[in-house]
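# Commentary on secondary and tertiary structure
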Amino acid sequence: MANLTPSAIKAIPLSLYIHVPWCVQKCPYCDFNSHTLKGGLPEQEYVAHLLDDLRADAYLAQGRAISTIFIGGGTPSLLSPVAIERLLKGVADIIPLVENAEITLEANPGTVETGRFEGFLDAGVNRISIGVQSFAEDKLQRLGRIHDPKQADFAIQQASQIPLRTFNTDIMHGLPGQEIAEGLSDVKRVIAHQPPHISWYQLTIEPNTSFYSQPPKLPDDEILWEIQEQGDKLLAEAGYEQYEISAYARPGQQCQHNLNYWRFGDYLGIGCGAHGKISLPDQILRTEKVKHPRGYMELHKPYMYKQWPVVQSDYPFEYFMNRLRLVEPCPLDEYQQRTGYELPEAQLKLLEDAAQQGLLTLSDTAWQVTPLGRRYLNTLLEKLVS
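Now for a look at the structure at hand.

Cut-off values and rules
- Residues numbered from 1 in each chain as written.
- Predicted model: local features only at pLDDT ≥ 70, side-chain atom pairs only at ≥ 80, totals over all residues.
- Heavy atoms only, no water.
- Helix = DSSP H or I, 4+ residues; strand = E, 2+ residues; numbered from the N terminus.
- Rg over C-alpha atoms; globule rule 2.2 N^0.38 Å.
- Buried < 20%, exposed > 50% of the residue type's maximum accessible area, 1.4 Å probe, protein only.
- Contact = heavy atoms within 4.5 Å.
- Pairing = 2+ DSSP bridges.
- Arc of directions from axis to C-beta.
- Patch = residues over 30% accessible without salt bridge, like charges linked within 9 Å, V, L, I, M, F, W, Y side chains within 5 Å.
- Areas by Shrake-Rupley, 256 points an atom, 1.4 Å probe, with all protein chains shown as cover.
- Salt bridge = Lys/Arg side-chain N within 4 Å of Asp/Glu carboxyl O.
- Lys, Arg positive; Asp, Glu negative; His and termini not counted.
- Charge placed at Lys NZ, Arg CZ, Asp CG, Glu CD.
- Polar contact = N/O pair within 3.5 Å; in protein donor to acceptor, adjacent residues only side chain to side chain.
- Phe/Tyr/Trp six-rings, centres within 6.5 Å; stacked < 30°, edge-to-face > 60°.
- Lys NZ or Arg CZ within 6 Å of the ring centre and 35° of its normal.

So, on to the overall build of the protein. Across its full length, the protein carries 16 helices and 17 strands. Against the globule reference of 21 Å for 386 residues, the protein gives a C-alpha radius of gyration of 21 Å, in line with a compact fold. Dimensions of the protein, computed from C-alpha atoms along their principal axes, come out at roughly 55 × 55 × 40 Å. Within the span of the protein, comprising 386 residues, buried residues form 53% of the whole. Considering only intrachain contacts with a sequence separation of at least 6, the fraction spanning at least 24 residues in the protein is 72%.

Have a look at this one:
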């Protein structure tokens, strides 16, 4: 028997993630599916494959329009504005977009010359995410970034001078050898630019990265916590509201694409190694595309690498792993709206236990993570899915 009716599925927002796999060089901390560009960028060929990929997945939209698009990578700003315009027009021809859909493109400050952001804006992009990471020369070199502090400043200035809907700057902390003053200096410098949105998150060492095989010396927990605590205070005093564990925004400037992820919405994923999550009447489907550009662009072969249904017993873990990232209250009935099943009694009891420990607040209609719960988020997640 169907658990989600067609009308229930239509009420679940649909996003589109587009992956561009090439970079000028691979950063030692990066575990994303990215490949160092050797020779020319095959942008026309790749855009054609992206659109063919979307055509093959279009039935999964199930009558829904696309609410948000996020073009990530890799370094999507390596693509020309002409290629981005062709891509976005092609997407809209295959699956309609909602009116005023948020369309984000990630940009590396090292690939931004004068006028490039205007070109992306004319192509249909209305939100740009700038990967600054740090304003310190030595930290940028240690992270393998191709830009310098002046290029970072320039990119933010360029984004602020054109009529984008909004833009984001990415900043990292907990960098190799970083002291408290250095971590807070980056926060102060990005605040001085007054971007509408700031993503500020701690460097983590992931498997299959250069940093994993040759670990750098990272700040100790005491320094990390001091940077986090003081940085949060600086951002709040500057008018930025933390709405997600690593995202801060001016009022009304939250990233709608990421909100859909964390609210357990649906998204199609096209491009090398892109992942998707789609609600069907009787199951939640996960998808993954072919990872390597050569294999992805090989003619007469499917773009889909694998797809699999989420086991029903894993629904609570998958849901809470996403939903706990958000600061906003979560309606108790959202779980059923997103999965087709009522929230298990076991999870209701665990929510009550977590509330008694001060990790969240709980009412008859909603729950919300407390500041203490955000500090011990992994512990809270373990409690809710134990």
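Having put the structure on the table, let's press on.
Attention now moves to the sheet that holds strand β15 (residues 330-331). Pairing within the open sheet is antiparallel, and its 3 strands lie in the order β15-β17-β16. Of all strands in the sheet, those bounded by a partner on one side alone are β15 and β16 (360-362).

Residues of helix α16 (residues 377-384) that are buried include every one of L377, L380, L381 and L384, and no others. Around the axis of α16, the buried residues are gathered within 100° of arc, so they sit on the same side. In α16, the exposed positions that point more than 90 degrees away from the buried face belong to N378 and E382.

Moving on to a negative patch on the surface. Residues E179, D220, D221 and E222 make up a contiguous surface patch of negative charge. Looking at the secondary structure, you find D221 in helix α9 (residues 221-237). Given the relative accessible area of 63%, D221 is considered exposed.

Another point: the side chain of Q347. Relative to the helices and strands, Q347 resides in helix α14 (residues 345-356). At a separation of 2.7 Å, a polar atom in the side chain of Q347 contacts the main-chain carbonyl oxygen of L384. When neighbours within four sequence positions are excluded, Q347 is seen to be in contact with P316, F320, L384 and V385.

This part covers the packing of aromatic side chains. Using the criterion set out here, one finds 12 aromatic pairs in the structure. On the numbers, 4.8 Å between centres and 45° between planes, the contact of Y296 with Y303 is tilted. Judged by its relative accessible area of 1%, Y296 falls in the buried class. Ring centres of Y315 and Y341 lie 5.9 Å apart, and the angle between their planes is 65°; this geometry places the pair in the edge-to-face category. On the criterion of sequence distance, the pair formed by Y315 in helix α12 (residues 315-323) and Y341 in the loop between α13 (334-339) and α14 is long-range, its members being 26 residues apart. Judged by its relative accessible area of 22%, Y341 falls in the partly exposed class. What links up through ring pairs into an aromatic cluster is the set F264, Y319, F320, Y335 and W367. Over the ring of W308 we find K306; its NZ or CZ atom is 5.3 Å from the centre of that ring.

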